[in-house]
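The lines below spell out each chain.
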Amino acid sequence: MKLLNYTSAYFAVILLIIITIWAGIFYYAMLDEIYDSIDDGLDNQKGLVIQKATTDTTVLNKNNFEESDYAIREITAADALNFQDTYIDTMMYMQNEKSDEPVRLLKTVFLQNGRYYRLQVATSMVEEDDLIKQLFYSILWLYIGLVVSIILFNNFLLKKIWYPFYQLLKELKKFRLDKPEPISPVKTGVDEFRLLNETVQKLLKRNIDAYTSQKDFIENASHELQTPLAISINKLEALAENNQLPESQLELLAAAMDNLERLTRLNKSLLLLSKIENKQFAEETPVSINQLAQKIVADFSDQTIFSSLRVDIMEKNSCIQNMNADVASILITNLIKNAIVHNKPGGYINVIIDKSSLVVENSGAGKPLDEEKIFNRFHSGGPSQASTGLGLAIVKAITHLYHFRTSYHFDQKHIITIHF
Amino acid sequence: MRDNMVQSLQQEKYVVETAIDFYTAQEKLDVYEYDCILLDIGLPGGSGLALLEELKMQNKTEGVIIVSARDSLDDKVKGLNLGADDYLAKPFHLAELHARVKSVLRRKKLDGHNYIICNNLKIDAEQRMIWVNEKEVWRNRKEFVVLLYLVTNKNRLVNKSALAEHVWGDYIDEANSFDFIYSQIKNLRKKLKDHEAELEIQAIYGVGYKLVYG
């Protein structure tokens, strides 16, 4: 859920509660005020009737309400002395509504010419159910109005306020450690955002520094290892050459040399990886994947014949990609090599080329590999001790560099696909 | 590294001189003529490429093999554009160095046909042809390259991975390269025997091969 909607939802719930409570209080307060006002009106009318009675005694004989809103009846002095003014809610037949309607009735007594009279003054009352209904709708509209304006408010104003935050988020989404471009956060007056910007900048800088120094370390270490490795191998070669060693010692020498060779290959692969990651292969030309695959498969033919592997190239379409020719060659070489290494004698390799994909299938150990891990450095899935474990890592680095996608799945055979 | 190279080249009866830094190299290049120059790009005191430019001005670039610790495409392109003959990235096998040096010398010294003779075997490196007793024999590109490499390093132990790297480059799976090369050499031996070539490829246990004759 988005931050904006999140606050809107909270506001909606809180407003619902507040407005409900407020509506209850408002209703009773208003009702109280209405009674107060009606009672004042009745009081005033009482005064007017009594005043009229002093001049026009016929009024005193008006025992029923009929067309007017008052009635007068003579009562005994004893009753009158015990009488207190009362306001009551009662029902009275209304001609226009043709039903009993609520009225407010004031009962009082007055003294004229030594006789006591009881006066009833009535006035039409509000209908409470109507009032509640009316109030409910008003409140509902108010509520809807408020929620809508809060949503609009959020969308316009909050969006504006949170702009630096969303901008930072956008920049961070684009950020990639392997190609660090400095992020440029929006200048803001809000302390928290400024702090956030600064912290993020610092954090990123530390990350970039760590990443770069790690990368440099691998690169430098591989570099520095090259010469001593070469010298060691050369010295051992010289030792093996002088022809005086018995076979048992040559065997030891050979094992040492094999391992040094392996280290050299590992080193070269690591250097190659750094170079790819550092984008040291700049020049791009249109490369025909079809032709390249044909050539590389042909170059591997000695090897595939030796391992009695059948290699088929299926060209569904021609595939031309804009990339560095050497890198393209490294990519396909590593894929084919991987398919050869992790194969079984008498197995097969299929290379399928489509307009924007390259699939390399190979028979091999009959169980699926972990897709997450096979492209990692030094992930060794097979028994092949002498492989560097960097072949597919190089493939991944290349596809990453050119924004291609790799996928692996298993269907009685290992299938690696490059989506260009 | 330099001592290794010098020793190995001297075994081939070359006269070898060395320069330990940029200025020594500059001086020697001014004074003497060389058949082949192994030029390290990362010289103390200056870039080997600068020396190459000077050589180019004097029209003396033929016979230059650039040796670089940085296996960088840029350097390679730059070097070759400046007229260098070849580019060798460190680390390399001494056998590879010999092959490159011989190839440079071959190209430089002789025009036209240029045969390498080993007893009754004759090789034309440019035309990629082999004769035994003046009779042209098989033409398999890879086997030719293997044989030429072994002949170039005759009587020397050739490391099997040096051979693999030279002939198949990247197109070999290192995991079973030993068996693979063994089978390739076996085929070659058989063919040599069939054609009665008077040379022998010895296997040095686990390490590599050595071509011996006469």
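Higher on the page you've got the structure.
## A closer look at the interface of chain A and chain B
Okay, so step 1: Taken together, the 35 residues of chain A in the interface contact 28 residues of chain B.
Okay, so step 2: Elements that contribute at least two residues to the side of chain A that touches chain B include exactly α5 (191–241), α6 (247–277), α8 (301–306) and α9 (325–341) of chain A.
Okay, so step 3: The biggest single contributor to the side of chain A that touches chain B is α5 of chain A, with 11 residues.
Okay, so step 4: In terms of residue class, the side of chain A that touches chain B is built from 15 nonpolar, 9 polar and 11 charged.

## A closer look at the pairing of strand β4 (residues 64–68) of chain B
All names here are of chain B.
Okay, so step 1: Bridging between strand β1 (residues 37–40) and β4 involves 4 bridges; their strand directions are parallel. Bridge assignment links Leu39 to a residue of β4, and that residue is Ile66.
Okay, so step 2: By the bridge criterion, 4 bridges tie β4 to strand β5 (residues 86–89) in an arrangement that is parallel. In the sheet register, Val67 faces β5, and the bridge partner there is Leu88.

## Some remarks on the sheet that holds strand β3 (residues 99–112) of chain A
Note: strands within a sheet are paired through backbone hydrogen bonds, in either parallel or antiparallel orientation.
Residue and element names in this part refer to chain A.
Okay, so step 1: Read from one edge to the other, the open sheet built from 4 strands follows the order β1-β4-β3-β2, with strand pairing classed as antiparallel. The sheet terminates laterally at β1 (70–75) and β2 (86–94), the two strands that pair on one side only. Shown here is a sheet whose adjacent strand axes are inclined to one another by a mean of 30°, direction ignored.
Okay, so step 2: Inspection of the sheet shows β1 paired to strand β4 (residues 115–124) by 6 bridges, in the antiparallel sense. Among the inter-strand pairings, Tyr70 is bridged to a residue of β4, identified as Val121.

## Quick notes on the packing of helix α4 (residues 163–174) of chain A against α5 of chain A
Residues and elements named next belong to chain A.
Okay, so step 1: The geometry of α4 relative to α5 is characterised by a closest axis approach of 10 Å and an angle of 15° between their N-to-C directions. By the criterion of interaxial angle, the relationship of α4 to α5 is roughly parallel. Here α4 runs over α5; the crossing is left-handed. Between α4, through Pro164, Phe165, Leu168 and Leu172, and α5, the contact on the second element is made entirely by Phe193, Leu196, Asn197 and Val200.
Okay, so step 2: When grouped by side-chain class, the residues that make up the contact of α4 with α5 number 7 nonpolar, 1 polar and no charged.

Analysis parameters
Residues numbered from 1 in each chain as written. Chains lettered and ligands numbered in written order. Predicted model: local features only at pLDDT ≥ 70, side-chain atom pairs only at ≥ 80, totals over all residues. Contact = placed C-beta atoms within 7 Å. Helix = DSSP H or I, 4+ residues; strand = E, 2+ residues; numbered from the N terminus. Nonpolar A, V, L, I, M, F, W, Y, C, P; charged D, E, K, R; others polar. Pairing = 2+ DSSP bridges. Axes fitted to C-alpha atoms, helices over the stretch in contact; angles between N-to-C directions. Parallel < 35°, antiparallel > 145°, perpendicular 65-115°, else oblique. Left-handed = near helix turned anticlockwise from the far one by under 90°.

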